[in-house]
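Breakdown of the fold
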Amino acid sequence: MTRSRRSFLADAGVLTLVGCFAPRLLGTDAPAEGRRRYALLVNLALCNQKPGCQECRIACHEAHNVPSIPDPAREVKWIWKEGFERIFPTEVNPLLPEAVRDFSGPVLCNHCDDPPCVRVCPTGATFVRPDGIVAMDQHRCIGCRYCMAACPYGARSFNFQDPRPFLEATEADYPTRTRGVVEKCDFCSERLGTGRQPACVEACPTQALVFGEVAELAKSISSQRVIRRRPELGTSPHVFYAL
Amino acid sequence: MDARRTRGRAILGVAAGVVLVPPILSAAAFSLSSRTTEPFLQSPPPEKGSCVEDSAWMRTHHMDYLKQLRDEVVRDGVRGTVSLRTCSECHVEQARFCDKCHEAVDLRPDCWDCHDYSSAEAGAAANPTRGAP
């Protein structure tokens, strides 16, 4: 069979067009319907009904075998409480109500849409799940701590030593970590897998923490103002704070 | 002439024996020694039922199987019913299950740096009907 150069080019052009538009026509490149995107909403007013409360931190650290290391240079934490000025340094201004300035609230991994930690991880040990959770695969972590340097929220901790001696009790259903790996909050992916809420949300005595899909969280917002930590960095954090 | 050749052959034979016999003997001794008795464990009591896969297959492929489970859980978020815990429900003692073979082949996997087999052992101590593996 002989064919002219003209007819070959015409056929190639038709195939190129089909290749460009077929996925759109077939709907295969559309985002999956009903894809979940998890987020956490912190209602600071409710949280501060119990000043000094540490229930979220205690519940989380017990559930995940997070060691209590007294040396602040070596401590490991997944969620902890900070004052308003430490959570939102740029939000403090002379007209900010004093009640708000006196707030404290929990800080944790923000599970960003575009997490810098994931971008710098050389082994793929930290990654974004389809539901938006920034997860850690400790099996792959080589302890380089690039992610800790990249995270603008200081949400990651390094195991400078074997954490087991610093555990008062061990939760048998959750592994500990080992020396030389980085760890952080993972939105309790092990609990979500069995249909439970995150440990901090369950433990909160004032129901200040609401966990769920972003779209559904909108229903739980009663305040005028919802802010995120350092949105100017473009990481799109998914821990929201309602003032 | 003939005598010299015969003597030469005898010397050669003795030399070959000196070189070859000790390794052969030591290999034979090694294969008869206790180190090469099968390190595998007896099966768990029959009321436990069968393993998640065929035992012979598990002996060869459990490391790949565990890695596959690991990736499904950690990376894909698919939590199945089988975990390291499932192993410890039947093979109660880590020392007589994991460690026994790993020591025999001088292998030191780091599973237990983070994961915990011993709590299952504690449970077995409290409930002796679970039996030894």
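The shown structure was predicted, so the numbers you read here are calculated from the model rather than taken from an experiment.

**Quick notes on the overall build of chain B**
Each helix and strand in chain B was counted, giving six helices and zero strands. Shown N-terminal to C-terminal, the secondary structure of chain B runs as helices and strands in the order α-α-α-α-α-α. Out of the 133 residues in chain B, the part that is buried amounts to 17%. Taking the contacts inside chain B whose residues are at least 6 apart along the sequence as the reference set, 64% of them involve residues at least 24 apart.

**Notes on helix α3 (residues 55–63) of chain A**
Residues and elements named next belong to chain A. All of the buried residues in α3 are C56, C60, H61 and A63. Buried residues in α3, looked at end-on, bunch into an arc of 165 degrees, giving them a common side. The secondary structure elements touched by the buried residues of α3 are β2 (79–83), β3 (104–108), α9 (199–203) and β8 (209–213). At the exit of α3 stands N65, carrying a positive phi of roughly 55 degrees.

**Topic: the pattern of salt bridges**
Residues and elements named next belong to chain A. Enumeration according to the criterion identifies 17 salt bridges over all chains in this entry. The closest approach of N and O atoms between R37 and D113, which form a salt bridge, is 2.6 Å. Here the residue R37 occupies a position in the loop between α1 (5–26) and β1 (38–43), and D113 occupies one in the loop between β3 and α6 (116–120), the gap between them amounting to 76 residues. Its relative accessible area of 17% is what places R37 among the buried residues. Look at D113 and you get partly exposed, because its relative accessible area is 45%. Among the ionic pairs, R225 bridges to E91, the shortest N-O distance being 2.9 Å. Taken together, the positions of R225 in the loop between α10 (214–217) and β9 (226–227) and E91 in the loop between α4 (84–87) and α5 (98–101) put the pair 134 residues apart, joining distant regions of the chain.

**As for the nonpolar core**
Within soluble globular proteins, side chains that are nonpolar tend to cluster in buried spots. All names here are of chain A. Grouped together as the largest cluster of nonpolar side chains are 40 residues, with contacts concentrated most on L40, F187, L209 and Y241. If you tally residues by element for this core, the top one is β1, at three residues. When residues no more than four places from it in sequence are discounted, the contact partners of L40 are L108, F187, V201, L209, V210, F211, L217, H238, V239 and F240. In this structure, C117, C121, A125 and C147 belong to the second largest nonpolar core, which totals 10 residues.

**Regarding the sheet that holds β1(A)**
All names here are of chain A. Strands sit in the order β8-β1-β10-β9 across an open sheet of four strands; the sheet is mixed. Each of the sheet's edge strands pairs with one partner strand only, and the pair in question is β8 and β9. Sheet topology places β1 next to strand β10 (residues 239–242); four bridges connect them, and they run parallel. Bridging from a neighbouring strand, V42 pairs with Y241 of β10.

**Focus: the packing of aromatic side chains**
Enumeration according to the criterion identifies eight aromatic pairs over all chains in this entry. When the centroid spacing of 5.1 Å and the interplanar angle of 85 degrees are considered together, the rings of A:F88 and A:Y241 count as edge-to-face. Within this pair, whereas A:F88 is found in the loop between α4 and α5, its partner A:Y241 is found in strand β10, the two being separated by 153 residues in sequence. Looking at A:F88, the relative accessible area reads 2%, which means it is buried. Centroid distance B:W57 to B:Y65: 6.0 Å. Interplanar angle 85 degrees. Geometry classified as edge-to-face.

**Some words on a nonpolar patch on the surface**
The grouping of B:V14, B:V18, B:V19, B:L20 and B:I24 at the surface amounts to a nonpolar patch, some 520 Å² of accessible area in total. For B:I24, the location among the structural elements is in helix α1 (residues 2–32).

**Quick notes on the side chain of A:N159**
Residues and elements named next belong to chain A. Note on placement: N159 falls in the loop between β6 (157–158) and β7 (182–183). According to the relative accessible area criterion, N159 is buried, its value standing at 1%. Beyond its immediate stretch of four places on either side in the chain, N159 contacts V76, R177, T178, R179, G180, V181 and E183.

**A few points about the interface of chain B and chain A**
Interface size is commonly expressed as the accessible surface area that is lost when the partners come together. Across the contact, 12 residues belong to chain B and 18 residues belong to chain A. On the chain B side of the contact with chain A, B:R75, B:R79 and B:C114 bury the most area, a combined 46% of that side's loss. Measuring nitrogen to oxygen at the nearest pair gives 3.2 Å for the salt bridge that ties A:D173 to B:R85. Taken together, the links from chain B to chain A amount to nine residue pairs in polar contact (both at pLDDT 80 or more). It is helix α5 (residues 111–114) of chain B that provides the largest number of residues to the side of chain B that touches chain A, a total of three residues. For the side of chain B that touches chain A, the class distribution of residues is three nonpolar, three polar and six charged.

**Brief notes about the pairing of β1(A)**
Residue and element names in this part refer to chain A. Within β1, six of the six residues are buried, which leaves the element mostly enclosed by the surrounding structure. Covered by surrounding structure in β1 are Y38, L40 and V42 together with A39, L41 and N43, the residues of both alternating faces. Pairing geometry for β1 and β8, over five bridges, is antiparallel. In the sheet register, L41 faces β8, and the bridge partner there is V210.

**Description of the confidence of the model for chain B**
Residues and elements named next belong to chain B. This prediction gives chain B a mean pLDDT of 77; 74% of its residues lie at or above 70. Ignoring residues within four places in sequence, the model shows residues 123–133, a span with pLDDT below 50, making 19 contacts including any to other chains. In the predicted complex, the global pTM is 0.76; the interface-specific ipTM is 0.75.

Cut-offs applied
- Residues numbered from 1 in each chain as written.
- Chains lettered and ligands numbered in written order.
- Predicted model: local features only at pLDDT ≥ 70, side-chain atom pairs only at ≥ 80, totals over all residues.
- Heavy atoms only, no water.
- Helix = DSSP H or I, 4+ residues; strand = E, 2+ residues; numbered from the N terminus.
- Buried < 20%, exposed > 50% of the residue type's maximum accessible area, 1.4 Å probe, protein only.
- Contact = heavy atoms within 4.5 Å.
- Arc of directions from axis to C-beta.
- Salt bridge = Lys/Arg side-chain N within 4 Å of Asp/Glu carboxyl O.
- Core = buried A, V, L, I, M, F, W, Y, C linked by side-chain atoms within 4.5 Å.
- Pairing = 2+ DSSP bridges.
- Phe/Tyr/Trp six-rings, centres within 6.5 Å; stacked < 30°, edge-to-face > 60°.
- Patch = residues over 30% accessible without salt bridge, like charges linked within 9 Å, V, L, I, M, F, W, Y side chains within 5 Å.
- Areas by Shrake-Rupley, 256 points an atom, 1.4 Å probe, with all protein chains shown as cover.
- Buried area = accessible area lost by both parts, 1.4 Å probe.
- Polar contact = N/O pair within 3.5 Å; in protein donor to acceptor, adjacent residues only side chain to side chain.
- Nonpolar A, V, L, I, M, F, W, Y, C, P; charged D, E, K, R; others polar.
- pLDDT = per-residue confidence, 0-100.

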